[in-house]
Amino acid sequence: MRPFNNRRQWLQMAAGLSLAPMLSARASSAWPNKPIRLIAGQAPGSSNDATARALSDYFSQKLGVPVVVENKPGALGMIAAETVARSEPDGYTLLISLHSQPAQAPAMLKRVPINPDKDLVPIASVGVGPVTAVVNKDFAPKTLKEVIEYAKTKPVNVGNYSIGSGWQMMLTQLAKDTGGQFNVVNYKGTGAMLMDLYAGTIDMGAGSLAGVGGGIDKGAIRPVAIVIGERSSKLPGIPTWADAGFRAPIYQDLAECNMLFAPAGTPAAIVDKVAALVKSSVRESPRMQSVRETLHAEDEPLTGEALRQFIARTWPTYRRLTKEMNISIS
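Residues numbered from 1 in each chain as written. Predicted model: local features only at pLDDT ≥ 70, side-chain atom pairs only at ≥ 80, totals over all residues. Heavy atoms only, no water.

Engineer: Would you mind showing me how to read the overall build of the protein here?
Structural biologist: The helix and strand inventory of the protein stands at 13 helices and 11 strands. Scaling as 2.2 N^0.38, a compact globule of 330 residues should have a C-alpha radius of gyration of about 20 Å, and the protein matches this with 22 Å. Seen through its principal axes, the protein has C-alpha atoms that stretch 80 × 45 × 30 Å. Among the 330 residues that make up the protein, the fraction classed as buried is 52%. Considering only intrachain contacts with a sequence separation of at least 6, the fraction spanning at least 24 residues in the protein is 80%. (Helix = DSSP H or I, 4+ residues; strand = E, 2+ residues; numbered from the N terminus. Rg over C-alpha atoms; globule rule 2.2 N^0.38 Å. Buried < 20%, exposed > 50% of the residue type's maximum accessible area, 1.4 Å probe, protein only. Contact = heavy atoms within 4.5 Å.)

What follows is the structure, given as structure tokens:
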């Protein structure tokens, strides 16, 4: 770095530094004055997509500008995440992702295009309700116990909505704990997985009630267990892992949610404003309330310090288990 040769250069630098916070504040106060892109890491037919579209509708109403959802599934959510991380940190490009995907990427990918811990700023999380294991209506086993017994004699083909998901890790542990055979088939979201599950190409799958609820209601698939979350009045009699006798941390601690991010460097005022909108959406937005009712989600969105503590607790757990189980994208 070249030394400053005169007093004028020092004054110019000082003036520039003193103006930076004011320019940032001015940009934040003017936000938004053009359309906002909300990049979704999952395909349509998922809780991620449904939540994204409910938020875009509410944000548009409150902010007075169009908020457009763009689905960019694939590469463990990193296609969407990289799009956002490489964009200008001005609040006009945001990410909504399953939080397990940026948690997993550093442990699963040989080359991670971004650093999720440094290149993205977490804004808020929205719960996905109970994640439910379901089987094809014509699959012989009717309960989780029967599925496990069947898997001891024949392989069960199981759909996975996202590589490295908590569901995938639970299946890996379940095979170790029971001696069952579970052939995992990976998909880019719940929607694609459900098509194969309805057709009987696979025997079993899992997803939020936004994805699997319609199939359950129509009788095309049957619920056998709640694999993430608590018992639900919408699924009477369906056990959790703990109910079925599986109480190891892997069955209990791998929570899932949809998380909203901005590029690193986005002004705090914009991050705080978006976070406040997410929190108010669960009370004021009929569309968000409808999505949450479909998901049977009852938890409040996490923001600020509560969100940071959640990430600090869960992301290291995901990464540790991923490495221990040698789960990777081939």
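That shown, we press on.
Engineer: Can you walk me through the side chain of Q104 in this structure?
Structural biologist: Assignment of secondary structure puts Q104 in helix 4 (residues 100–108). With relative accessibility at 0%, the residue Q104 sits in the buried group. Residues within four places of Q104 in sequence aside, it is in contact with L76, G164, S165, M169, Y318, R319 and T322.

Engineer: Got a minute to help me understand empty space enclosed by the protein in this structure?
Structural biologist: Taking a probe equal in size to a water molecule and rolling it over the atoms shows the remaining empty space. For the structure on display, the rule yields one cavity of 30 Å³ or more. Considered as a void within the structure, the largest cavity measures approximately 110 Å³ in volume. Taken together, Q42, S46, S47, N48, L98, V128, V131, Y161, T190, G207, S208 and E256 make up the full set of residues lining the largest cavity. Of all the elements in the fold, those that place two or more residues in the lining of the largest cavity are helix 2 (47–63) and strand 8 (204–208). Taken together, the residues of the lining of the largest cavity break down into four nonpolar, seven polar and one charged. (1 Å grid on protein atoms, 1.4 Å probe; cavity = no way out; pocket = protein on both sides within 12 Å on 5 of 7 lines; lining within 4 Å. Points joined across faces, edges and corners; volume = space filled by probe spheres on them. Nonpolar A, V, L, I, M, F, W, Y, C, P; charged D, E, K, R; others polar.)

Engineer: Explanation requested: helix 9 (residues 209–218) in the structure shown.
Structural biologist: Every α-helix winds through 3.6 residues per turn, so residues three or four apart in the chain are directed the same way. All of the buried residues in helix 9 are L209, G211, V212, G213, G215 and I216. At its buried positions, helix 9 is contacted by strand 5 (131–136), helix 8 (190–199), strand 8, strand 9 (221–228) and helix 12 (286–295). Directly beyond the C-terminal end of helix 9, a positive phi value near 80 degrees is found at G219.

Engineer: What is the right way to read the packing of helix 2 against helix 11 (residues 268–284) from this model?
Structural biologist: A pair of packed helices can be characterised by two numbers: the angle between their axes and the separation between those axes. As a packed pair, helix 2 and helix 11 sit with axes 10 Å apart at the nearest point and diverge in direction by 110 degrees. Classified by the interaxial angle, the pair formed by helix 2 and helix 11 is roughly perpendicular. The two elements helix 2 and helix 11 meet at a crossing, and its hand is right-handed. Residues L55, Y58, F59, K62 and L63 of helix 2 form the contact with helix 11, whose own contacting residues are K273, V274, L277, V278, S280, S281 and E284. Counted by class, the contact of helix 2 with helix 11 contains seven nonpolar, two polar and three charged residues. (Axes fitted to C-alpha atoms, helices over the stretch in contact; angles between N-to-C directions. Parallel < 35°, antiparallel > 145°, perpendicular 65-115°, else oblique. Left-handed = near helix turned anticlockwise from the far one by under 90°.)

Engineer: What is the right way to read the pattern of salt bridges from this model?
Structural biologist: One pass over the full model with this rule turns up 10 salt bridges. Of the charged contacts in the structure, one is a salt bridge between R319 and D117, with a shortest N-O distance of 3.1 Å. Note that R319 is positioned in helix 13 (residues 304–325) and D117 in helix 5 (residues 116–119), a separation of 202 residues in sequence. Residue R319 is classed as buried on the basis of its relative accessible area, which comes to 17%. Overall, D117 belongs to the partly exposed group, its relative accessible area being 44%. In this structure, K152 engages E149 in a salt bridge whose closest nitrogen and oxygen atoms are separated by 3.2 Å. In this structure E149 comes out as partly exposed when scored by relative accessible area, which is 42%. (Salt bridge = Lys/Arg side-chain N within 4 Å of Asp/Glu carboxyl O.)

Engineer: It is not clear to me how the packing of aromatic side chains should be interpreted in this structure. Could you clarify?
Structural biologist: Ring pairs (aromatic) are described by centroid distance and by the angle formed between their planes. Applying the stated criterion across every chain yields a total of six aromatic pairs. Taking the centre distance of 4.9 Å and the plane angle of 50 degrees together, the rings of W241 and Y251 count as tilted. Of this pair, W241 sits in the loop between strand 9 and helix 10 (249–252) while Y251 sits in helix 10; the two residues are 10 residues apart in sequence, bridging distant segments of the chain. The pair formed by W241 and Y251 is uniform in burial state, with each residue classed as buried. Residues F246 and Y251 carry aromatic rings whose centres are separated by 5.4 Å and whose planes lie at 55 degrees to one another, so their mutual orientation is tilted. With a relative accessible area of 15%, F246 lands in the buried category. Between the NZ or CZ atom of K34 and the centre of the ring of Y92, over which it lies, the distance is 4.7 Å. (Phe/Tyr/Trp six-rings, centres within 6.5 Å; stacked < 30°, edge-to-face > 60°. Lys NZ or Arg CZ within 6 Å of the ring centre and 35° of its normal.)

Engineer: Explanation requested: the sheet that holds strand 1 (residues 36–40) in the structure shown.
Structural biologist: By definition, the strands of a sheet pair up through backbone hydrogen bonds, in either a parallel or an antiparallel sense. The strand order across the open sheet formed by six strands is 2-1-3-10-4-11, and the pairing between neighbours is mixed. Where the open sheet ends on each side, the last strands, each with one partner, are strand 2 (67–71) and strand 11 (302–303). Across four bridges, the pairing between strand 3 (residues 93–98) and strand 10 (residues 257–263) is antiparallel. Residue L95 lies in a different strand from strand 10, and its bridge partner there is F261. Sheet contacts for helix 2: strand 1, strand 2, strand 3, strand 4 (120–127) and strand 10; angle to strand 2, the most-contacted strand, approximately 165 degrees. Most of the contacts of helix 4 go to strand 3, to which it runs at about 80 degrees, and overall it touches strand 3 and strand 10. (Pairing = 2+ DSSP bridges.)

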